[in-house]
Amino acid sequence: MLRLETFGLAGIIGWPVQQSRSPTIHNHWIERYGLTGRYVLLPVRPDALEAALRGLPALGFRGCNVTMPHKLAVMPLLDRVDGLAQRSGAVNTVTVEADGSLSGSNSDGAGWVQSLVDAKPGWMPGAGPAVLLGAGGAARAVVAALAAGGAREIRIVNRTLEKAQEIAAAFPGTVTAYRWEDRAEVLAAAALVANATDQGMAGKPPLAIDLARLPPDAVVSDLIYSPLETPFLAAAKARGNMAVNGLGMLLNQARPAFAGWFGVMPEITAALRRAVEATF
Ligand code: NAP
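Within each chain, residues carry numbers counting from 1 in the order of the written sequence. For a predicted model such as this one, the threshold for reporting local features is a pLDDT of at least 70, and the threshold for listing and counting side-chain atom pairs is 80 or more; totals across whole chains, interfaces and linings nevertheless cover every residue. For the side-chain quantities, the full set of heavy atoms in the structure was used; hydrogens and water were omitted.

Re the overall build of the protein
Helix and strand assignments come from DSSP, with helices taken as H or I runs of at least 4 residues and strands as E runs of at least 2, each series counted from the N terminus. Per the secondary structure count, the protein includes 9 helices and 12 strands. Compactness check: the protein gives a C-alpha radius of gyration of 19 Å against a globular reference of 19 Å for 280 residues, within 12% of the reference. Counting only C-alpha atoms, the protein reaches 60 × 40 × 35 Å along its principal axes. Burial status follows relative accessibility: with a 1.4 Å probe on protein chains alone, a residue under 20% of its type maximum counts as buried, one over 50% as exposed, and anything between as partly exposed. Buried residues in the protein amount to 49% of all 280 residues. Contacts in the protein between residues far apart in sequence, at least 24 positions, make up 65% of those at least 6 positions apart. Here the protein contributes 25 positive and 23 negative side-chain charges, whose respective centroids are spaced 3 Å apart. The globule rule is 2.2 Å times the number of residues to the power 0.38, and the radius of gyration it is compared with is taken over C-alpha atoms. In this analysis, two residues are considered to be in contact whenever any of their non-hydrogen atoms come within 4.5 Å of each other. For the purpose of counting charges, residues Lys and Arg are taken to be positive, whereas Asp and Glu are taken to be negative. His and the chain ends are not included. The atoms used to mark charge sites are NZ of Lys, CZ of Arg, CG of Asp and CD of Glu.

Digging into the site of the ligand
When we say a residue is near a molecule or strand, we mean one of its heavy atoms is within 4 Å of it. Taken together, 21 residues sit near the ligand, with Ala-138, Asn-158, Arg-159, Thr-160 and Lys-163 positioned nearest. Two N or O atoms count as a polar contact when they lie within 3.5 Å, although within protein this holds only if one can serve as hydrogen donor and the other as acceptor, and sequence-adjacent residues are included solely when both atoms are side-chain atoms. For the ligand, an oxygen atom lies 3.2 Å from a polar atom in the backbone of Thr-197. Note that an oxygen atom of the ligand is positioned 3.4 Å from one of the backbone N or O atoms of Leu-250. Those elements giving two or more residues to the shell around the ligand turn out to be α5 (137–148) and α8 (247–262).

Some points on the sheet that holds strand β9 (residues 175–179)
At least two bridges found by DSSP between two strands are what make those strands a pair. Taken in spatial order, the 6 strands of this open sheet run β9-β8-β7-β10-β11-β12, and their pairing is parallel. Edge positions in the sheet fall to β9 and β12 (242–244), since each of these pairs with one other strand and no more. Neighbour to neighbour, the strand axes of the sheet diverge by 20° on average, direction disregarded. Direction of pairing for strand β10 (residues 192–195) relative to strand β11 (residues 219–222): parallel, over a ladder of 4 bridges. When the sheet's bridge partners are listed, Val-193 is paired in β11 with Val-220. Fitted lines through C-alpha atoms give the axes, limited to the stretch in contact for helices. The angle between two N-to-C directions lies from 0 to 180 degrees. Together, β10, β11 and β12 form the strand contacts of helix α4 (residues 108–119), whose direction differs from that of β12 by roughly 140°.

A word on α4
The terminal C-alpha atoms of α4 lie 17 Å apart, and with 12 residues this matches the ideal 16 Å at 1.5 Å per residue to within 8%. Looking at α4, one finds that the buried residues are Asp-108, Gly-109, Gly-111, Trp-112, Val-113, Ser-115 and Leu-116. Taken together, the buried residues of α4 touch α5, β10, β11, β12 and α8. Expected helix span is given by 1.5 Å per residue-to-residue step, counting one fewer step than there are residues.

Comments concerning the nonpolar core
Ranked by size, the top nonpolar core spans 28 residues in total, and within it Trp-112, Trp-123, Leu-132, Val-143, Leu-146, Ile-156 and Leu-192 carry the most contacts. Sorting elements by how many residues they give to this core places α5 first, with 6 residues. Setting aside residues no more than four positions away along its own chain, Ile-156 makes contact with Leu-132, Gly-134, Ala-135, Val-143, Ala-164, Ile-167, Val-175, Thr-176, Ala-177 and Tyr-178. We define a nonpolar core as any set of buried Ala, Val, Leu, Ile, Met, Phe, Trp, Tyr and Cys residues linked to one another through side-chain atoms lying within 4.5 Å.

Considering the pattern of salt bridges
Salt bridges are defined by distance alone: a side-chain nitrogen of Lys or Arg within 4 Å of a carboxyl oxygen of Asp or Glu. Scanning the entire structure with this criterion turns up 10 salt bridges. Of the charged contacts, one joins Lys-204 and Asp-198 as a salt bridge, the two residues approaching to 3.5 Å between their closest N and O atoms. A single network of salt bridges, built from pairs that share partners, joins Arg-179, Glu-181 and Asp-182.

Things to note about the packing of helix α1 (residues 22–32) against helix α9 (residues 270–277)
At a minimum axis separation of 9 Å, α1 and α9 run at an interaxial angle of 145°. Between α1 and α9 lies a crossing of right-handed hand. Contacts between α1 and α9 involve Thr-24, Ile-25, His-28 and Trp-29 from the former and Ala-271, Leu-272, Ala-275 and Val-276 from the latter. Definitions for this section: a left-handed crossing has its near helix turned counterclockwise from the far helix by less than a right angle. A right-handed crossing has that turn clockwise.

A few points about the environment of Leu-9
Looking at the secondary structure, you find Leu-9 in strand β1 (residues 8–14). You can call Leu-9 buried: its relative accessible area is 18%. Sequence spacing of Leu-9 and Arg-38 is 29 residues, and the spatial spacing of their C-alpha atoms is 5.3 Å.

Nothing here speaks to function; it is geometry throughout.
Dropping the structure here:
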């Protein structure tokens, strides 16, 4: 029989949310570590976000993840938001504290950095100029993590230049905004290029970019994990660049949230990767 006082409840708030792989990840860990609990999908309409958040402590939730379209809207509704989430301009994790107050954090950027370190041990954000394609929520989290890790030159390229300029203004001296038309030129001398647009995602057109100027030793990252190999990553691999997909980011961003809710820092194992890949 379940002991209710130790039953750990967590979930993911989004709209829509049924596409999320987070239940697969967290429920895998709950079983692996012999815990009693469940991680559930929480479809929450934008007009119900505040009521849903305020209901978390009463319902016995230890916290939740937050996905589109709520990652920004959730911020003013929380009791506190940590510095990295502030700099990322978004929250992806909410923790219910012992007194019932709600704390927000963002593990997307750090999860992405860790996925590159996992793929290339010793890789460092400050290794050289970084090019980031896209200026949405994920791009901003990546910029914040790169800057926190010591990156000195980040070139951000976005279809809507103003959004890239907004991010550049938040990281003066580190981030420079470029026009979408210049995306092939800015690859010159780059140590890293990352796709944080939705181009190349299943059902979307491939990312249109000429990689000719990219140095052969540059690391190429795509935040997309469905498909695991986007045309962008395939093109990078074909010319000899190291290519890293978004699955490692997805898995790594989940670790600190799980640790905060369930008290165990979980491991990313081959079995977990297989379980998540089976959902594609
Ligand atoms: P978002 O806030 O909606 O941003 C989307 C970005 O894509 C914007 O920069 C947008 O440019 C750009 N874009 C859209 N259509 C385009 C087109 N036709 N040509 C060029 N650029 C285009 O989304 P997000 O949350 O940042 O997510 C971005 C990507 O990261 C998605 O592929 C998502 O799956 C991935 N992601 C992965 C993880 C993970 O754990 N691996 C986590 C979060 C996100 P405009 O500003 O001009 O609209």
